[in-house]
Amino acid sequence: MMHCRDKVISVWVALISFLSSSHTDNSLALGFVISCHATKSLRKTKAPERFFSGSAMEESQNQEKECSQVKTSRMSSEGIVDIGINLTHRAFRNHWREVVQRAIDGGVATMILTGTSLETSRRSLQLAQQWFDETGSSNLYCTVGIHPHDAKSWNDATVSEMKQLLQHPLAVSVGECGLDYNRNFSSRKDQLFAFREQVKLAVELKKPLFVHEREAHNDLLKVFDEFDSELLPPIVVHCFTGSKEEAIEYIQRGYYIGFTGTICKHERGASLRDLLPSIPLEKVMVETDAPFMGFQKGRRSSEPADCIEVARKVSEVIDLPFARVCEMTTSTACNCFGIK
């Protein structure tokens with residue numbers, strides 16, 4: 001008999017296809033065991049009714065009822081969470097499964113795929129779904145959002161399309177969204193508009209925000225200040241490269257900070273290593289932003305498997321056991337993104 005969780009996710013295969021066609025030392029050796037996936041069931045999500053009719057609608061309703069009665073679980077996993085990888089990037093196109101499996105084998109049990117446009121958000125969700133269908137294991141989740149570089153692509157249909165994607169149980173966050181005043185690939189006006197709209201959406205859906213910020217700290221906070229702080233969802237400032245003062249201000253506001261392999265770089269990571277002890281570990285998450293932010297000798301790009309080394313560097317810098325850092329960052333990520 002098909003489990004409730006499997007049925008719910010299988011319904012979304014058709015939805016993803018519809019959306020796509022409608023638009024042109026390792027961790028095991030060290031012995032730490034992280035069980036953020038253990039005895040977990042995916043969150044129940046009712047698909048928008050307009051996607052179903054007749055018997056399909058009845059099946060969806062039956063599945064929702066069954067979900068309330070059946071407690072599902074999945075195989076226990078060991079490993080940490082990489083909160084940001086760009087698995088849709090061309091660098092991974094022809095061997096993405098191998099990249100994911102290499103990460104899992106190396107101790108990175110959960111990866112959150114970053115959506116930076118409607119296209120990459122749809123594709124990220126497809127990959128997460130495909131992995132689940134092929135393996136029966138939900139190692140992959142995704143975000144749905146419009147990166148500030150793509151803010152100029154925002155149109156009247158963007159929010160409704162994002163809402164549709166975000167109802168899938170593997171879509172856990174709004175983003176990557178924010179402001180980038182370093183490159184300005186979209187005008188600041190377009191960036192601010194797209195960012196505000198995505199904050200509104202996150203507040204409405206009560207989804208965490210996965211935020212990009214480059215040389216726009218003050219304007220980013222001004223946008224957040226337009227909203228009731230008690231209504232704002234969890235906020236993750238990912239791939240942090242700012243100053244100690246900026247990091248502390250984010251933490252004082254209750255935000256989380258994601259650190260990449262940049263902290264492992266001798267010169268470029270020095271300032272980040274200096275500020276890291278000032279950040280409470282419960283506010284820290286680890287990521288690779290793969291294939292970007294490479295730091296391993298012999299290759300310019302990064303892979304999600306490298307996230308273990310990011311956690312190891314955090315451990316070294318703050319002088320806490322590696323297993324403790326793995327446990328804490330994993331727990332923080334799972335709680336923030338609703339991965340139980």
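For the structure, see preceding data.
Structural notes, computed from the coordinates. These numbers were taken from a predicted model, which means no experiment stands behind them.

### A closer look at the sheet that holds strand β1 (residues 80–85)
Then step 1. Taken together, the eight strands give an open sheet; going across it, the order is β1-β2-β3-β4-β5-β6-β7-β8, and neighbouring strands pair in parallel fashion. Looking at strand neighbours, the two that pair on one side only are β1 and β8 (284–286), the edges of this open sheet. Ignoring which end each strand starts from, the neighbouring axes of this sheet average 30 degrees apart.
Then step 2. On the sheet, helix α6 (residues 158–166) packs against β3 (140–144) and β4 (171–180) and is oriented at approximately 145 degrees with respect to β4.
Then step 3. Where helix α7 (residues 188–205) meets the sheet, its contacts fall on β4 and β5 (209–214), and the angle it forms with β4 comes to roughly 155 degrees.

### Comments concerning the environment of W96
Then step 1. Relative to the assigned elements, W96 resides in helix α4 (residues 96–105).
Then step 2. The exposure class assigned to W96 is buried, which follows from its relative accessible area of 5%.
Then step 3. When the C-alpha atoms of W96 and L127 are compared, they prove to be 8.9 Å apart, with 31 residues separating the residues in sequence.
Then step 4. Once residues within four sequence positions are removed from consideration, W96 is found in contact with L87, L127, Q130, W131 and L140.

### Brief notes about the nonpolar core
Most often, soluble globular proteins keep nonpolar side chains buried together rather than apart.
Then step 1. Residues L87, F224 and F337 are the most contacted members of the largest nonpolar core, which totals 90 residues.
Then step 2. Considering each element in turn, this core owes the most residues, eight residues, to helix α12 (residues 322–337).

### Here's the deal with unusual backbone geometry
Excluding glycine, residues mostly have negative phi values, and the peptide bonds linking residues are mostly trans.
Then step 1. With an omega dihedral of 15 degrees, the bond running from G175 to E176 counts as a cis peptide bond.
Then step 2. On the secondary structure map, E176 appears in strand β4.
Then step 3. With phi around 55 degrees, K206 is a residue other than glycine that occupies positive phi space.
Then step 4. In this fold, K206 is placed in the loop between α7 and β5.
Then step 5. By relative accessible area, K206 is classed as exposed at 70%.
Then step 6. A positive phi angle, near 55 degrees, is found at D289, a position not held by glycine.
Then step 7. Along the polypeptide, D289 turns up in the loop between β8 and α11 (307–318).
Then step 8. Relative accessible area serves as the criterion here: at 8%, D289 is assigned to the buried category.

### Brief notes about helix α9 (residues 244–252)
Residues three or four positions apart in an α-helix share a direction because the helix packs 3.6 residues into each turn.
Then step 1. Buried within α9 we find A247, Y250 and I251. Within α9, the buried residues cover an arc of 100 degrees as seen down the axis, which keeps them to one side. Exposed residues on α9 whose side chains face more than 90 degrees from its buried face are E245 and Q252.
Then step 2. Next to the buried residues of α9 lie β5, α8 (217–225), β6 (235–237), β7 (256–259) and α10 (270–275).
Then step 3. Downstream of α9 by one or two residues, G254 has phi in the positive range, about 95 degrees.

### Thoughts on the side chain of Q198
Then step 1. Relative to the assigned elements, Q198 resides in helix α7.
Then step 2. Reaching out from Q198, the side chain makes a polar contact with the backbone nitrogen of I146 at a distance of 2.8 Å.
Then step 3. Setting aside its immediate chain neighbours within four residues, Q198 contacts G145, I146, W154, M162, V174, C177 and L209.

### Topic: the pattern of salt bridges
Then step 1. Inspection of the entire model under this criterion finds 12 salt bridges.
Then step 2. For the salt bridge of K163 with E204, the shortest nitrogen-to-oxygen distance reads 3.0 Å. Here K163, found in helix α6, pairs with E204, found in helix α7; they are 41 residues apart in sequence, far enough to count as distant.
Then step 3. Overall, K163 belongs to the partly exposed group, its relative accessible area being 27%.
Then step 4. Its relative accessible area of 48% is what places E204 among the partly exposed residues.

The rules behind the values
- Residues numbered from 1 in each chain as written.
- Predicted model: local features only at pLDDT ≥ 70, side-chain atom pairs only at ≥ 80, totals over all residues.
- Heavy atoms only, no water.
- Pairing = 2+ DSSP bridges.
- Helix = DSSP H or I, 4+ residues; strand = E, 2+ residues; numbered from the N terminus.
- Axes fitted to C-alpha atoms, helices over the stretch in contact; angles between N-to-C directions.
- Contact = heavy atoms within 4.5 Å.
- Buried < 20%, exposed > 50% of the residue type's maximum accessible area, 1.4 Å probe, protein only.
- Core = buried A, V, L, I, M, F, W, Y, C linked by side-chain atoms within 4.5 Å.
- Arc of directions from axis to C-beta.
- Polar contact = N/O pair within 3.5 Å; in protein donor to acceptor, adjacent residues only side chain to side chain.
- Salt bridge = Lys/Arg side-chain N within 4 Å of Asp/Glu carboxyl O.

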